[in-house]
Amino acid sequence: MKKSADLPKQLQKCLTGIKGFDEITEGGLPKSRTTLVSGSTGSGKTLFGIDFLINGAIKFKEPGVFMSFEETEDELYKDVASLNLDLQGLVSQKKILIEHVLLERKDIQELDFNLEGLFVRLEHAIDSIGAKRVVLDSIESLFAGITDQGILRLEIKRLFRWLKEKKVTAVVTGEPVQEFYTRHGLEQYISDCIILLDNRVKDQIAIRRIRVVKYRGSKHGTNEYPFVIDKDGLSVIPITSAGLDQPGSSMKVSTGIPSLDKLFKGGKPGYTSGSTVLASGTAGTGKTSLAAAFALASCKRGERCLFLSYEESAGQLTQNMSSIGFHFEPMIKKGLLKIVSTRPSFFGLEMHLLDLYKLIAEFKPKAVVIDPLTSLIGEGDQREIRSMITRMIDLLKSNGITSFFTSLVSSASQNDTSGEIGVSSLIDTWIVVRELEEEVSKKRIRGLFIVKSRGTGHDSDVHKLILSDDGIKLVPMGGESTVIANEEKKIGKNVSEGQKLIKQNKGE
């Protein structure tokens, strides 16, 4: 057995404080070493460095130096003016020092080029505030006039070695050119860690991605991870955060509709606490009304409910629901109900997910309604949508939140009743609402049935869904009723499958 002294020392890491990034790197950047952050124009390199320094100063009590070869101090302040990053305040408190180095032609002559002047200036800056973090933005500007590869390699190695000797955790920014991560292509071999930032446009929607290309002495996530820049800086949302470790629960919560509660068998009726519920159907079948009933029931229990509406404004939704006896205003005033209305096309899927993270952290709801989930379809391809929804469901379940989604099904759709997203396999309780005809060609009614409810016995028969001034109620179907025209095959298939399951459960 090896002695403890013989065991290799674990690589020390420096937490960046950037949401999600420390998770995919398992602890942040390599401590007292140099990291290359590479990205094209507008990818977020400078902001990554500023975020790294600000988090270091505020969260980890580590002062930092930002040495810029391109932007002045005032220009950097303007860059972050729209963000909640108090760069100027931290500079005035001497927790961060900004050094703008103006490089002139005579400073970068190849014959007598050396970094002595830079080292003197940088050392003075580091020592004056006891800096533990350094950002150099960008290395292209520093070595712009050097073409001799030998001199270039020696000076870059000298710079990186000097930073390591000063025992500072350094971030150096660069721009990728073809297969290289910087214009010179040498820094990538000397750097201990390489982070690649990318800002691409797909179907007229900007998508930002981050990837850890290299990390000496440490394992790390190797995939591309989505990240966003908002008022709080840079946030990474790793796919790996989605897990299957949520605890089970036997607790139940009311649907908000007594007659629907009764369709769930055993013990206390209703949805399982912390589970996901999907109500799918064509337009006008009552999906949002079912969601509203659930939201109000949560508020009446004294639990906070977050209602994300992608099609109606808060005022419009409140007015529409009052027509069936669901009054949101009292619950909003009590602070139990929060309605957030956003058009899905305003920003990409990752920003929607990040907003949900933040709303949950701030509002701390026990119930969340998303109406309709299908509005997110146009904001990415099938794989991206499913990935985002999977992470959304994991976020909700890991926080013990009971979530209610609605899914709009096109009346001309030829697929099954799950909607166009195909997430029914991720859902615990699936309810379908459909248009039916009572006394064929004379009277239109709504029908509801439960397709599945994991871990809970339930009635799978079709029930008549009645919306009135007094709310919602379900009554057993009576007489002859048929599905409207094109819907007959789809609902017939699901009803028959549901009835088969019931018979199998009963042993018939």
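Residues numbered from 1 in each chain as written. Predicted model: local features only at pLDDT ≥ 70, side-chain atom pairs only at ≥ 80, totals over all residues. Heavy atoms only, no water.

Caption draft 1: Spotlight on the overall build of the chain. The number of helices and strands found in the chain is 15 helices and 23 strands. Within the chain, the proportion of its 508 residues that are buried is 53%. Of all intrachain contacts in the chain linking residues separated by at least 6 positions in sequence, the fraction that spans at least 24 positions is 71%. Working note: accessible area of the chain is about 23900 Å², and carbon and sulfur atoms make up 50% of it. (Helix = DSSP H or I, 4+ residues; strand = E, 2+ residues; numbered from the N terminus. Buried < 20%, exposed > 50% of the residue type's maximum accessible area, 1.4 Å probe, protein only. Contact = heavy atoms within 4.5 Å. Areas by Shrake-Rupley, 256 points an atom, 1.4 Å probe, with all protein chains shown as cover.)

Caption draft 2: Broad picture of the pairing of strand S7 (residues 169-174). Counted residue by residue, S7 has six buried out of six residues, so it is predominantly covered. Alternating positions in S7 separate into two faces, Thr-169, Val-171 and Thr-173 on one and Ala-170, Val-172 and Gly-174 on the other, with burial throughout. The pairing of strand S3 (residues 34-39) with S7 spans five bridges and is parallel. Of the residues in S7, the one forming a bridge with Thr-34 is Ala-170. Bridge count between strand S6 (residues 133-137) and S7: four bridges; the pairing is parallel. When the bridges of S7 are listed, Arg-133 appears paired with Thr-169. (Pairing = 2+ DSSP bridges.)

Caption draft 3: Geometry of the pairing of strand S14 (residues 276-281). Counting buried residues in S14 gives six out of six residues, a clear majority hidden from the surface. Both faces of S14 are covered, namely the face carrying Thr-276, Leu-278 and Ser-280 and the face carrying Val-277, Ala-279 and Gly-281.

Caption draft 4: Here's a closer look at the pattern of salt bridges. If you walk through the whole model with that rule in mind, you get 14 salt bridges. Among the salt bridges present, the one from Glu-62 reaches Lys-31, with a minimum N-O distance of 3.6 Å. Of this pair, Glu-62 sits in the loop between helix H2 (45-59) and strand S4 (64-68) while Lys-31 is found in the loop between strand S2 (29-30) and S3, placing the two residues 31 residues apart along the sequence. The closest approach of N and O atoms between Lys-397 and Asp-428, which form a salt bridge, is 3.0 Å. Here Lys-397 is found in helix H14 (residues 382-398), whereas its partner Asp-428 is found in the loop between strand S18 (402-408) and strand S19 (429-438), with 31 residues between them in sequence. Look at the salt bridges and you will find they share partners, linking Lys-31, Glu-62 and Arg-133 into a network. (Salt bridge = Lys/Arg side-chain N within 4 Å of Asp/Glu carboxyl O.)

Caption draft 5: Local environment of helix H11 (residues 314-322). Those residues of H11 that fall on the buried side of the exposure criterion are Leu-317, Thr-318 and Met-321. Angular distribution of buried residues about the axis of H11 spans 100°; they occupy a single face of the element. (Arc of directions from axis to C-beta.)

Caption draft 6: Layout of the side chain of Asp-261. Inspection of the secondary structure assignment puts Asp-261 in helix H9 (residues 258-261). Despite its burial, Asp-261 pairs with no opposite charge, the nearest such side chain being Arg-301 at 7.7 Å. Only 2.8 Å separates the side chain of Asp-261 from the side chain of Thr-255, close enough to count as a polar contact. When near neighbours in sequence (up to four residues on either side) are disregarded, Asp-261 contacts Ser-254, Thr-255, Gly-256, Pro-269 and Gly-270. (Lys, Arg positive; Asp, Glu negative; His and termini not counted. Polar contact = N/O pair within 3.5 Å; in protein donor to acceptor, adjacent residues only side chain to side chain.)

Caption draft 7: Expanded view of the packing of helix H13 (residues 349-363) against H14. Put simply, H13 and H14 touch, their axes get as near as 10 Å, and they point 5° apart. Between H13 and H14, the interaxial angle falls into the category roughly parallel. For the pair H13 and H14, the contacting residues are Leu-349, Glu-350, His-352, Leu-353, Leu-356, Tyr-357 and Ile-360 in the first and Glu-384, Ile-385, Met-388, Arg-391, Met-392, Leu-395 and Leu-396 in the second. Tallied by class, the residues present in the contact of H13 with H14 amount to ten nonpolar, one polar and three charged. (Axes fitted to C-alpha atoms, helices over the stretch in contact; angles between N-to-C directions. Parallel < 35°, antiparallel > 145°, perpendicular 65-115°, else oblique. Nonpolar A, V, L, I, M, F, W, Y, C, P; charged D, E, K, R; others polar.)

Caption draft 8: Quick peek at the packing of aromatic side chains. This structure, assessed with the given rule, holds seven aromatic pairs. Arranged with centres 5.9 Å apart and planes meeting at 65°, the rings of Tyr-271 and Phe-294 form a pair that is edge-to-face. Of the two residues, Tyr-271 is situated in strand S13 (residues 271-272) and Phe-294 in helix H10 (residues 287-300); the sequence distance between them amounts to 23 residues. Across this residue pair, the class does not change: Tyr-271 and Phe-294 are buried. Taken together, the ring pairs connect Phe-264, Tyr-271, Phe-294 and Phe-404 into an aromatic cluster. A cation over a ring is seen here: Lys-13 above Tyr-215, with NZ or CZ 4.7 Å from the ring centre. Directly above the ring of Phe-363 sits Arg-304, whose terminal nitrogen or CZ lies 5.3 Å from the centroid. (Phe/Tyr/Trp six-rings, centres within 6.5 Å; stacked < 30°, edge-to-face > 60°. Lys NZ or Arg CZ within 6 Å of the ring centre and 35° of its normal.)

Caption draft 9: Representation of the environment of Leu-317 within the structure. Following the sequence through the fold, Leu-317 ends up in helix H11. A C-alpha to C-alpha distance of 9.3 Å links Leu-317 and Ala-292, two positions 25 residues apart in sequence. Once you skip the residues sitting within four places of it in the chain, Leu-317 turns out to touch Thr-288, Phe-307, Ser-309, Glu-312, Phe-328 and Ile-339.

Caption draft 10: Spotlight on unusual backbone geometry. Note the cis peptide between Asp-371 and Pro-372, where omega equals -15°. With respect to the helices and strands, Pro-372 occurs in the loop between strand S17 (367-371) and H14. Of note in this structure, Lys-167 is not a glycine but carries a positive phi near 55°. Counting through the fold element by element, Lys-167 comes out in the loop between helix H7 (149-165) and S7. A relative accessible area of 62% means that Lys-167 is categorised as exposed. Non-glycine residue Lys-364 carries a positive phi angle of around 55°. Residue placement: Lys-364 occurs in the loop between H13 and S17.

Caption draft 11: Representation of helix H5 (residues 116-129) in the model. Here H5 spans 21 Å end to end across 14 residues, near enough to the 20 Å set by a 1.5 Å rise per residue. Gly-130 lies just past H5 and shows a positive phi near 65°. (Expected span 1.5 Å × (residues − 1).)

Caption draft 12: Quick peek at the confidence of the model for the chain. Here the chain averages 80 in pLDDT, and 77% of its residues register 70 or above. Segment residues 1-8 is flagged for pLDDT under 50; beyond a separation of four residues in sequence, or across chains, it makes one contact in the model. Between residues 413-420, whose pLDDT stays under 50, and residues either more than four places distant or in other chains, the model counts 26 contacts. (pLDDT = per-residue confidence, 0-100.)

Caption draft 13: Region of the structure containing the environment of Phe-60. Assignment of secondary structure puts Phe-60 in the loop between H2 and S4. For the pair Phe-60 and Gly-17, spaced 43 residues apart in sequence, the C-alpha to C-alpha distance is 8.6 Å.

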